[in-house]
Amino acid sequence: MAFCTVLSASVQGLGVEMIRVEADVSNGLPMFHMVGYLSSEVKEASERVRTAIRNSGMKLPAKKIIVNLAPATVRKKGASFDLPIALAVLTAMGYIPEEAMERVIVTGELSLEGKIRGVPGVLPMVIEAKEQGCKSFILPGENETEGRLVKGIEILPADNLEELCAYLNGAARSEKSKREKKENEKNRQHRAREDFADICGQKAVKRAAEIAVAGGHNLLMAGSPGSGKTMIAKRIATILPELSWEESLEITKIYSVLGLVDQEYPLITQRPFRNVHHTITRTALTGGGRIPMPGEISMAHGGVLFLDELAEFPRNVLEVLRQPLEEHQIHIARNYGNFTFPAEFMLVAAMNPCPCGNYPDVQKCSCTPGQIQKYLGKISQPFLDRMDICIETPKVVYRDLDGERKDLEGEETSETIRRRVTDARNIQRERYKGTDIRTNAVLGPQEIGHYVELGEREKKMMEFAFERIGLTARTYHKILRVARTIADLDYSEKVKEKHLKEAIAYRSLDKKYWGR
């Protein structure tokens, strides 16, 4: 009897479970049997493994082969267990020395001819392997660049089973040209030739967008069709601050699990901008499946989730955003366990004030009061309370569109705005150093009391606004967060009266349209 164990990994949501692949080869009725709570694609691995071993020039003896994937309580899915199963069997048969597999993690899919194919979720696997103290990680050559994003662990890329076995037996490994590229030059390119300088007028709305990005605040724009809501929202991507190395890895992990990274340039260095259509389902937005995978909310982590035509979204879809907007993570419970996905994103939404889009212009609006009430009623008060900044986008006038006047006055470019946003983010980074707070938008009530100090005049103003406007506790705190960001853009250590006035003004839109 020959027994061997090879370590592998299984991605569960965004978490990683270490899996022990145990192989036992003994005398008995010839068979290849696999156990360990396996999905159908893992069960099929037995045929792929046997054929790949044979086509790689090695022979399986006519013996009883049992493969167990432990722990048995964890559901195994995907084709990433092909290579670890093959190496466990070959080690048990003596083709590979046992010491070569000590403290080594293996993942990869096998073709029938013995080639090793890439698999999704390599980055979180390598990170977990390093944290577990493993010395090496054997992975497909296609995933080499992604694996090398993690420093401090040896990456052993392999393109076919025969060469891998020869290397594990001490043969010299052919040095291939490294697939490492310059730091993600492709991802550093701008998404498009879009710029805030393209927007005519709408200075108040552009100011609101700048404040929203500087503090990571949620932004709601409402106005008639053609007023530039979508145009402004799409250009928000051009003023987002650059990602730190830690943030890039965190976002890349999400896209790695979904199999959406570019294997040539795997590291994501631009903040995500997810433009979601109003026909999206709740599952696609939040994530789900038998073993849940991240949805659009998590794919927007660290960036922007844009909902155009907000009132066209089904109300039950919008309501699922309330908890992630407040807690900055999303919890999904399934029979296989509870999963938590990151969801720290900036929500940008755009909508018309009525079905025809012309309300409150009674001369042009053709909607009845009932139609307007029903249309606006799709947006609940709890959802509105979670929008930090609400602003109306007025119609563009000819004066703003006039080419000669536009050239004379000029419009700020995205690069200019981005520099101010970056300065504000740097101020916040220094202020919150040593905490898990990244932006003003995630300040809790206790942190607000510590970081947002108000003088007597400012306190009286907030008391008056609370009673006059009818603020809730949630909107009260959001006004203080926005005021803190406005003060940061003003390079002011303290929140002053003028900062509060501007922040309070961004809460007037819901009173105008919803009367709340």
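For the structure, check the block above.
Every value quoted in this text rests on a predicted model; they were computed, and no experiment measured them.

Peer 1: Pulling in residues and values, what's your account of the nonpolar core?
Peer 2: Among the nonpolar cores identified, the biggest contains 70 residues, and Leu305, Leu307, Leu321 and Met351 are the most heavily contacted of them. The greatest single-element share of this core, amounting to six residues, is contributed by helix 4 (residues 122–131). Not counting chain neighbours up to four residues away, the residues in contact with methionine 351 comprise Leu220, Met221, Ala222, Gly223, Lys229, Leu310, Ala311, Tyr375, Leu376, Ile379 and Trp514. Residues Ala237, Ala350, Leu454 and Val482 belong to the second largest nonpolar core, which totals 52 residues.

Peer 1: Break down the layout of surface pockets for me, with residues and values.
Peer 2: Approximately 1,000 Å³ is the volume found for the largest pocket. Together, 47 residues line the largest pocket, and Glu344, Ile437, Arg438, Thr439 and Val442 are the ones closest to its centre. Where the lining of the largest pocket is concerned, the elements lending two or more residues are helix 10 (245–257), helix 14 (322–327), strand 16 (337–342), helix 19 (414–431), helix 20 (445–451) and helix 22 (473–489). Grouping the constituent residues of the lining of the largest pocket by class yields 13 nonpolar, 16 polar and 18 charged.

Peer 1: I'd love a proper account of the pattern of salt bridges, names of residues and values included.
Peer 2: Summed over all chains, the structure comprises 23 salt bridges. With a closest N to O distance of 2.8 Å, arginine 420 and glutamate 210 form a salt bridge. Of this pair, arginine 420 sits in helix 19 while glutamate 210 is found in helix 8 (residues 203–215), placing the two residues 210 residues apart along the sequence. Residue classification places arginine 420 among the partly exposed positions, given a relative accessible area of 25%. Taking relative accessible area as the criterion, glutamate 210 reaches 5% and is therefore assigned buried. A salt bridge links glutamate 497 to arginine 457; the nearest nitrogen and oxygen atoms lie 2.8 Å apart. Separated by 40 residues along the polypeptide, glutamate 497 in helix 23 (residues 497–505) and arginine 457 in helix 21 (residues 456–470) bring together distant segments of the chain. The class for arginine 457 is exposed, based on a relative accessible area of 59%. One salt-bridge network, held together by shared partners, links Glu247, Glu250, Arg271 and Arg438.

Peer 1: Please give an account of unusual backbone geometry that cites residues and values.
Peer 2: Among all residues save glycine, negative phi is the norm, and among peptide bonds the norm is trans. A cis amide bond links alanine 70 to the next residue, proline 71, at an omega of 5°. Examined against the element boundaries, proline 71 turns out to sit in the loop between strand 4 (64–70) and helix 3 (82–93). A positive phi angle is found at glutamate 309, which is not glycine, with a value near 55°. On the basis of relative accessible area, glutamate 309 is assigned to the partly exposed category, the value being 29%. In this model, histidine 328 sits at a positive phi of 65°, which is unusual for a non-glycine residue.

Peer 1: For the pairing of strand 14 (residues 304–307), give the residues involved together with the corresponding values.
Peer 2: Alternating positions in strand 14 separate into two faces, Val304 and Phe306 on one and Leu305 and Leu307 on the other, with burial throughout. Strand direction decides the pairing type here: strand 11 (residues 273–276) and strand 14, joined by four bridges, are parallel. Residue pairing in the sheet places arginine 274 in a bridge with leucine 305 of strand 14. Across four bridges, the pairing between strand 14 and strand 17 (residues 346–351) is parallel. Note on strand 17: the bridge partner recorded for valine 304 is methionine 346.

Cut-off values and rules
Residues numbered from 1 in each chain as written. Predicted model: local features only at pLDDT ≥ 70, side-chain atom pairs only at ≥ 80, totals over all residues. Heavy atoms only, no water. Core = buried A, V, L, I, M, F, W, Y, C linked by side-chain atoms within 4.5 Å. Buried < 20%, exposed > 50% of the residue type's maximum accessible area, 1.4 Å probe, protein only. Helix = DSSP H or I, 4+ residues; strand = E, 2+ residues; numbered from the N terminus. Contact = heavy atoms within 4.5 Å. 1 Å grid on protein atoms, 1.4 Å probe; cavity = no way out; pocket = protein on both sides within 12 Å on 5 of 7 lines; lining within 4 Å. Points joined across faces, edges and corners; volume = space filled by probe spheres on them. Nonpolar A, V, L, I, M, F, W, Y, C, P; charged D, E, K, R; others polar. Salt bridge = Lys/Arg side-chain N within 4 Å of Asp/Glu carboxyl O. Pairing = 2+ DSSP bridges.

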